[in-house]
Each structure stands twice: as structure tokens, then as C-alpha cells.
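# A structural walkthrough
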Amino acid sequence: PLAAGPSSEKKHIMLPLSLLASAKGNPMLIELKNGDTYNGRLVSADSWMNVNLSDVICTSRDGDRFWKLDECYIRGNAIKYLRIPDEIIDMVHDDEVGKEKKQRGGGRGRGGRVNFGGRGRGRGRRGRGEGRGRSNNRGGGEGGGRGIR
């Protein structure tokens, strides 16, 4: 249940990977588990949340040392948190709402589309019921198997 507060709008769950995908090219702050922070522009992110940044300023955990890097790779399991501008979060929220509306439009129930685009493995020339291992002529030859004599 949602708590009634100052804003009673419905909460929306957002997937972090879709958020990162739409944040490409935008500035972000990343804090690592060891306390170091990285400010830069997101170049790419993968499904393990490994991140490439460009035009990076790295700050030590104490805040007394700074480094300027052209680019930087951060492994996903070292990240404590990401700070992304609100405009990006709003943009992703709008995109996901649009996708939900498109997905609801089909109205086909549980089965989805029937016979769409030749799905499945097909049966080739054998047709139904005739497997790979044994031919109909029972005398061996083409079709494999020993045959019955």
C-alpha cells in the first residue's frame, strides 16, 4: 500500500539499467564503496553496471586530492551509488509509461499472436508423426535405424 503524503501520485518502479541506457552522454556522479567519487559524462554501461565515463574528475575519499582523467572505466560491483540529473530520470519515466501503453494495446489475451512469422522449428519434408530415426519402408536404406525384417 502507498502511504498518503504530500504528493499522492502513484509510485513508479524504474529499472536501473534502462535508466543508465538513457543517461548516455549526460553528466553523473558515481561514489565507490571505498569512498572515492567520479564526476564525468556517461559513455556506456553494460548489464553488470560496469560504466565508462569521459571528462572525469576523481576525488579521493578524504576530499583532499583530485585527478582529471580523459576517460575512466568503473567496475559495477565497486559502485555504492550513482547520482543522475532529475531531467534524465523524468525522461526515462515518460519513456516507460509510453511503452506500457503500447504493450496494452494488443488485447490478445494469454496466447499472443498465433502463427506469427513462422515461429517454431517446423517439420521439414517429413510432415507430422514421422520422426528422424526410422523410415517407413522398413527395409533399411535412407532414414537410419535398423529396420524390422
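Just so it is clear, the model here is predicted, and its values are computed rather than measured.

Let us now look at the sheet that holds strand S2 (residues 37-45). Within the open sheet, the five strands sit side by side as S4-S3-S2-S1-S5. Their pairing is antiparallel. What marks the edges here is a single partner per strand, and that holds for strand S4 (66-74) and strand S5 (79-83). Pairs of neighbouring strands in the sheet enclose a mean axial angle of 30 degrees, with direction left out of account. Relative to strand S3 (residues 51-59), S2 is paired through seven bridges, and the arrangement is antiparallel. Counterpart to Asn-39 in the pairing with S3 is Ile-57.

The next thing to look at is the confidence of the model for the protein. Per-residue pLDDT for the protein averages 76, and the proportion of residues at 70 or more is 54%. Residue range residues 1-9 is modelled with pLDDT below 50. Its contacts to residues more than four positions away, or to other chains, number two contacts.

Our next topic: the nonpolar core. Core analysis: the biggest nonpolar cluster contains 18 residues, and Met-28, Ile-30, Tyr-38, Leu-42, Leu-53, Ile-74 and Ile-84 have the highest contact counts within it. If you list the elements that add at least two residues to this core, you get helix H1 (16-22), strand S1 (27-32), S2, S3, S4 and helix H2 (86-104). In terms of residues, this core owes the most to one element, S3, which gives four residues. With sequence-adjacent residues up to four places away left out, Leu-42 is seen in contact with Leu-20, Ala-23, Lys-24, Gly-25, Asn-26, Met-28, Val-51, Asn-52 and Leu-53.

On to the side chain of Ser-54, then. Summarising the element assignment, Ser-54 is placed in strand S3. Leave out the neighbours within four places in its chain, and Ser-54 touches Gly-40, Arg-41, Val-43, Asp-70 and Glu-71.

On to the side chain of Asp-36, then. Within the secondary structure layout, Asp-36 lies in the loop between S1 and S2. Although Asp-36 is buried, it forms no salt bridge, and the closest oppositely charged side chain is Arg-61 at an N-O distance of 5.0 Å. Setting aside residues no more than four positions away along its own chain, Asp-36 makes contact with Ile-30, Glu-31, Thr-59, Ser-60 and Arg-61.

What counts and how
Residues numbered from 1 in each chain as written. Predicted model: local features only at pLDDT ≥ 70, side-chain atom pairs only at ≥ 80, totals over all residues. Heavy atoms only, no water. Pairing = 2+ DSSP bridges. Helix = DSSP H or I, 4+ residues; strand = E, 2+ residues; numbered from the N terminus. Axes fitted to C-alpha atoms, helices over the stretch in contact; angles between N-to-C directions. pLDDT = per-residue confidence, 0-100. Contact = heavy atoms within 4.5 Å. Core = buried A, V, L, I, M, F, W, Y, C linked by side-chain atoms within 4.5 Å. Buried < 20%, exposed > 50% of the residue type's maximum accessible area, 1.4 Å probe, protein only. Lys, Arg positive; Asp, Glu negative; His and termini not counted. Salt bridge = Lys/Arg side-chain N within 4 Å of Asp/Glu carboxyl O.

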